[in-house]
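# Summary of the model geometry
Given next are the chains, with one letter for each unit.
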Amino acid sequence: EDDGLGGTLPFEVQNLTELRYLIVEEGTTSGTIPSEYGTFRTLHILDLNFNTLTGTIPVEIYDLQLLFQLDLNDNFLTGTIATEIGTIQFLQFIQVEVNRLSGTIPEEMGNNSFLRVVEFFGNQLTGDMPQGLCDLRNNTGGSIFRLTADCDAGDAFFVNCSVPDCCTDCPF
C-alpha cells in the first residue's frame, strides 16, 4: 500500500502463470487494465484500488474462476459491469465504488453465492438492485454483510435499493 508505484500496468505480467495475488494499490498507476490479465488461471486477488486507472473493466477479467477479491475502487473506470461477472464462482469481495461506471447492476450477480462485500456507490449506476443480490444478504440467510450503492432518492444517479432490507447503507 502507498508504494509510490506509477506508470502503467504491463501486459507482460501475464507470463507469471502461477500468479495468485496482483496488488498495486494507492499509487499513481494509470492507463487501462490489460485484457491479458484475464489469463491468470490461479489469481485469487486483483487489487488495483486508489490509482488513476481509466477505460473499462475488461470482460476477460470475469474469466478468472479462482478470483475471490476484485478491488478496483477509487479510479476513473468507465463503461458497464458486464453480465459475465456472474460466472466468477468463488467471488467474495467486489469493490468498484468511486469510479465512473454506468448502466445497471447485472442480474447475474445473484449467481455469485459466496459474496460477502459488494460496493457500488460513487458511480453513475441506475435501475434496481437485482433481487438475487438482495436475497444473498446476511439478513435473509445469505453471506453478504455489506452491500452499498447510491440509493438515496436525491442522488443524481440512483439505484433502487432499500435499507436495511437489501442495501446495508447508501454512503453518498
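Please refer to the structure higher up on the page.
Residues numbered from 1 in each chain as written. Predicted model: local features only at pLDDT ≥ 70, side-chain atom pairs only at ≥ 80, totals over all residues. Heavy atoms only, no water.

By the definition in use, this model includes two aromatic pairs. Ring plane angle 50° and centroid distance 5.3 Å describe the contact between Tyr37 and Phe40, whose orientation is recorded as tilted. Accessibility expressed as a relative area gives 1% for Tyr37, which makes it buried. Judged by relative accessible area, Phe40 falls into the buried class, the value being 1%. (Phe/Tyr/Trp six-rings, centres within 6.5 Å; stacked < 30°, edge-to-face > 60°. Buried < 20%, exposed > 50% of the residue type's maximum accessible area, 1.4 Å probe, protein only.)

This part is about the side chain of Asn99. Positionally, Asn99 belongs in the loop between strand 8 (93-95) and strand 9 (102-103). Its relative accessible area of 6% is what places Asn99 among the buried residues. Within the structure, Asn99 has its side chain in polar contact with the backbone oxygen of Leu72 (distance 3.1 Å). Separated by 3.0 Å, the side chain of Asn99 and the backbone nitrogen of Leu77 make a polar contact. (Helix = DSSP H or I, 4+ residues; strand = E, 2+ residues; numbered from the N terminus. Polar contact = N/O pair within 3.5 Å; in protein donor to acceptor, adjacent residues only side chain to side chain.)

Here we take up a nonpolar patch on the surface. Judged by side-chain polarity, Leu66, Phe90 and Phe114 come together as a nonpolar surface patch covering roughly 250 Å² of accessible area. Its relative accessible area of 33% is what places Phe90 among the partly exposed residues. (Patch = residues over 30% accessible without salt bridge, like charges linked within 9 Å, V, L, I, M, F, W, Y side chains within 5 Å. Areas by Shrake-Rupley, 256 points an atom, 1.4 Å probe, with all protein chains shown as cover. Salt bridge = Lys/Arg side-chain N within 4 Å of Asp/Glu carboxyl O.)

We now examine the state of the cysteines. Linking two cysteines covalently via their sulfur atoms produces the bond known as a disulfide. Under the definition given, this model contains three disulfides. Through a disulfide, Cys151 is tied to Cys170; the S-S separation comes to 1.7 Å. Sign of the S-S torsion, about -95° for the bond between Cys151 and Cys170, identifies this disulfide as left-handed. With a gap of 19 residues between them, Cys151 in the loop between strand 13 (146-148) and strand 14 (159-160) and Cys170 in the segment after strand 14 connect regions that are remote in the sequence. Taking the relative accessible area as the measure of exposure, Cys151 reaches 8% and is therefore buried. Covalently, Cys161 is tied to Cys167 through a disulfide, its sulfur atoms 2.1 Å apart. Because the torsion about its S-S bond is 115°, the bridge between Cys161 and Cys167 counts as right-handed. A relative accessible area of 6% places Cys161 in the buried class. Counting only the cysteines that form disulfides, in the order they appear in the chain, gives the pairing 1-4, 2-6, 3-5. (Disulfide = S-S within 2.5 Å.)

As a further point, take the nonpolar core. Ile33, Leu70, Ile94, Met109, Phe120, Met129 and Leu133 are the most contacted members of the largest nonpolar core, which totals 47 residues. Setting aside chain neighbours within four positions, we find Leu70 in contact with Leu46, Ile61, Tyr62, Leu91, Phe93, Ile94 and Gln95. (Core = buried A, V, L, I, M, F, W, Y, C linked by side-chain atoms within 4.5 Å. Contact = heavy atoms within 4.5 Å.)

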